[in-house]
Each structure stands twice: as structure tokens, then as C-alpha cells.
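Per-entry structural report
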Protein chains: 2
Amino acid sequence: MSRLKEQTIRSETIFEGRVIRVQLDEVRLPNGKTSTRELVKHTGAVSVMAVTKEGKMVFVRQYRKPLDKEILEIPAGKLEPGEDPKECAARELEEETGYRAQNLKPIVSFYTSPGFADELLHLYEATGLSEGEANPDSDEFVERVELTLEEAFQAMESGEIADAKTVAALYIWHNRVLTEK
Amino acid sequence: MSRLKEQTIRSETIFEGRVIRVQLDEVRLPNGKTSTRELVKHTGAVSVMAVTKEGKMVFVRQYRKPLDKEILEIPAGKLEPGEDPKECAARELEEETGYRAQNLKPIVSFYTSPGFADELLHLYEATGLSEGEANPDSDEFVERVELTLEEAFQAMESGEIADAKTVAALYIWHNRVLTEK
């Protein structure tokens, strides 16, 4: 058995929401002591890096209630239980920005905040974009924004780009540009 | 007023833990309809990119209860309310890895999961490392691991490196290496 693993003694659901489920676990630590762990259960999410043929990345401006402000993010959305991440990525890209992708390639998947949440985010790269009509969900209000690499890094400096997946996407994009040179 | 903003009608605390507070808000959407928002409140966190003079990045292997597995992450820790992020970064680096940094430079700060959480993570770069003794918290069990850039990307491929801050740190590190060439 692992020397680092914690054994669950007791597990209690505290809250069952539309987006998250909150669970409080009592655990036995590797040193034999007990502690509690606060867990946020989430079905996971997808996000899409999409660069237009003009060399601009596609973002959406969105009000985020937890932050009480608008930020610029790459298109993203929550997975429904059992949903195929790639299909979800294609749908979210089109709904939020109007762009359809000929190809969607998985780049990397990561846990957004492994200390308390199990949310796994799948990042895709969209290529072969064609433009249609955006069609966001009825309770989703987003505005499409397109930025060059330089503009995007400026937006990160100014705090307009401010979330993990979008920051990671910018560095991945920059690395592509540096490698292709 | 912003066309995207949501107005809070009612706010209720569902759970108050040691690490998170869970809040359920009723909001008025830009189209006048109402909806609910599930919010996880968190005091924020710090993390540290530290590259040794041998050119290896410093990671910790840690069991994460929400994932029920061990992953490799850059050293990190939760901020206490009002705590200075830089002091927290220095402390977490030393406690978890034994390394002291002569300099800690802020690289970028990002929200880990802005759809439901307000956790803001501050990423620092440590330079001028000197080695001492690791001294983790009593309920924290971590093992130090050092990897080259190539090994770190392999660990990401294999899923051992699997969280947002560490993935971002790897691409930032790669970016540095590409730019310095």
C-alpha cells in the first residue's frame, strides 16, 4: 500500500447542486491520526484553443459570479455525466463563438484544483475553423473576442485573462509559435 | 452597467469548512430571468516553480483525497486570510521540499476554476536555491521529486503530472528554455 494514501472512515454528502456536490470525509492519515477532507465533486469540463486563419485566438468575455467580474476565457463548458469530451468541446465552441472546427485534437487534461475538487478539464486544439452563428445557452451571456498572441499576453498582464485553462493555453500557443519559428 | 453582469437577489451559506465555504446565490440574469449559482469560497493559494542548478524542477508527490490518487505537483499551499503570498510561497517551498530561495518572483496569478470557485492561485519562480531540511505540516505527507524538462513532460503524458498549476508551470518553463536559446 502507498505510504501517502489516506483511508476513508466516513463520508457524508453536505450539498447536492446542479454543478457541484459537496462531500465531507473523515480520513485516517498515514501516521494513524484522523482528519477531515472537504471535497467538491464535479463532472469535469472541456475547453478549446482555437486560432483563426488571421492568427488570433478566440476568447469569450463572460461574467463569473464567483469572482463578481468579467474575464476573458477560452471557450469552455461543463461535461454532462457520460458525455464524450470531444463532442462537448465541439458543441461549446460553436454555441459560444459560432466557430465550427474541422479537427479537435486533445492537448492535455488536468485537475483544476486537486486540493479540494475532482474537476478534470480536457483541453482541445481546434483547427480548420469555419464561421457560423453563436448560439449560447439561455442562461449564458458571452461575447466573442479575438486577440493576437501579443494582445493576449497584454490581457494576461492586465488581469483580463485570469484563469488557469486560459493561462495554460496562452503559454502552449506561445510555445507553438516559438517552436515553429 | 455591464450587459453581462448578474445581480445577487439572495445569498445563503450552505457549508463552512476549514478549507472552503459553500454558498448558494439566487441571481438575476441579464435577460431578467432568475437562476442559481453554486459558489465555493476559498482564501487562495500559492505555488512555486523552482529549478535546481542541475536544471531540474522540484515537485512533490502527494496523495490527493478528491482524486483518490497520488500526483506530482509543484510545491504549493493554501493562504491564510490576510497572509502575504510571497511569504507563504517561501514557507511552503521550504516545508515541503527543504529548499530555501534567495529570490521569489511573481510570474502570474490565476483563478483555478472560475465557473464555481473564487480560488486565486499565485505562481512564483524561485531562484538561488539552497538546500535544507523538509518539514511538512503534521497532516501533510509529501515526497520530493526532481525532474528534467523532458522527464516532466513525460510525467505529464503519463498522467502523473495532472493539475492546472503544474501543467502551466511546465509550459512556462519550456517557454523560458525556448526563449533563452
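The model shown is predicted, which means the values in this text are computed figures rather than measured ones.

Cut-offs and rules
Residues numbered from 1 in each chain as written. Chains lettered and ligands numbered in written order. Predicted model: local features only at pLDDT ≥ 70, side-chain atom pairs only at ≥ 80, totals over all residues. Heavy atoms only, no water. Buried < 20%, exposed > 50% of the residue type's maximum accessible area, 1.4 Å probe, protein only. Helix = DSSP H or I, 4+ residues; strand = E, 2+ residues; numbered from the N terminus. Pairing = 2+ DSSP bridges. Salt bridge = Lys/Arg side-chain N within 4 Å of Asp/Glu carboxyl O. Domains from an automatic or database assignment. Contact = heavy atoms within 4.5 Å. Buried area = accessible area lost by both parts, 1.4 Å probe. Polar contact = N/O pair within 3.5 Å; in protein donor to acceptor, adjacent residues only side chain to side chain. Nonpolar A, V, L, I, M, F, W, Y, C, P; charged D, E, K, R; others polar.

A short note on the pairing of strand S4 (residues 45-50) of chain A
Residue and element names in this part refer to chain A. Counting buried positions over the 6 residues of S4 gives 6, a clear majority of the element. Here S4 pairs with strand S7 (residues 76-78) via 3 bridges, running antiparallel. Of the residues in S7, the one forming a bridge with Val46 is Gly77. Inspection of the sheet shows S4 paired to strand S9 (residues 120-131) by 6 bridges, in the parallel sense. Within S9, the position partnered with Val48 by the bridge is Tyr124.

Describing the pattern of salt bridges
Taken as a whole, this structure holds 36 salt bridges over all chains when the rule is applied. As a salt-bridge pair, A:Lys65 and B:Asp25 come within 3.1 Å of each other at their nearest N and O atoms. Of this pair, A:Lys65 sits in the loop between strand S5 (57-64) and strand S6 (69-73) while B:Asp25 sits in strand S2 (residues 21-28), placing the two residues on different chains. With relative accessibility at 9%, the residue A:Lys65 sits in the buried group. B:Asp25 sits in the buried class, given a relative accessible area of 2%. The residue A:Glu94 makes a salt bridge to A:Arg100 at a minimum N-O spacing of 2.9 Å. The exposure class of A:Glu94 is partly exposed, given its relative accessible area of 25%. Because the salt bridges share partners, they merge into one network encompassing A:Arg3, B:Arg61, B:Glu143 and B:Glu160.

Structural notes on the domain arrangement of chain A
Residues and elements named next belong to chain A. Split into domains, chain A comes out as domain 1 (7-41) and domain 2 (45-180). Across the boundary between the two partners, domain 1 contributes 6 residues, which contact 5 residues of domain 2. Across the domain 1/domain 2 interface, buried area totals approximately 410 Å², and carbon plus sulfur atoms make up 44% of it. On inspection of domain 1 and its partner domain 2, the count reaches 0 salt bridges. Seen at the junction of domain 1 and domain 2, the total is 2 residue pairs in polar contact (both at pLDDT 80 or more). For the side of domain 1 that touches domain 2, the residue count by class is 3 nonpolar, no polar and 3 charged.

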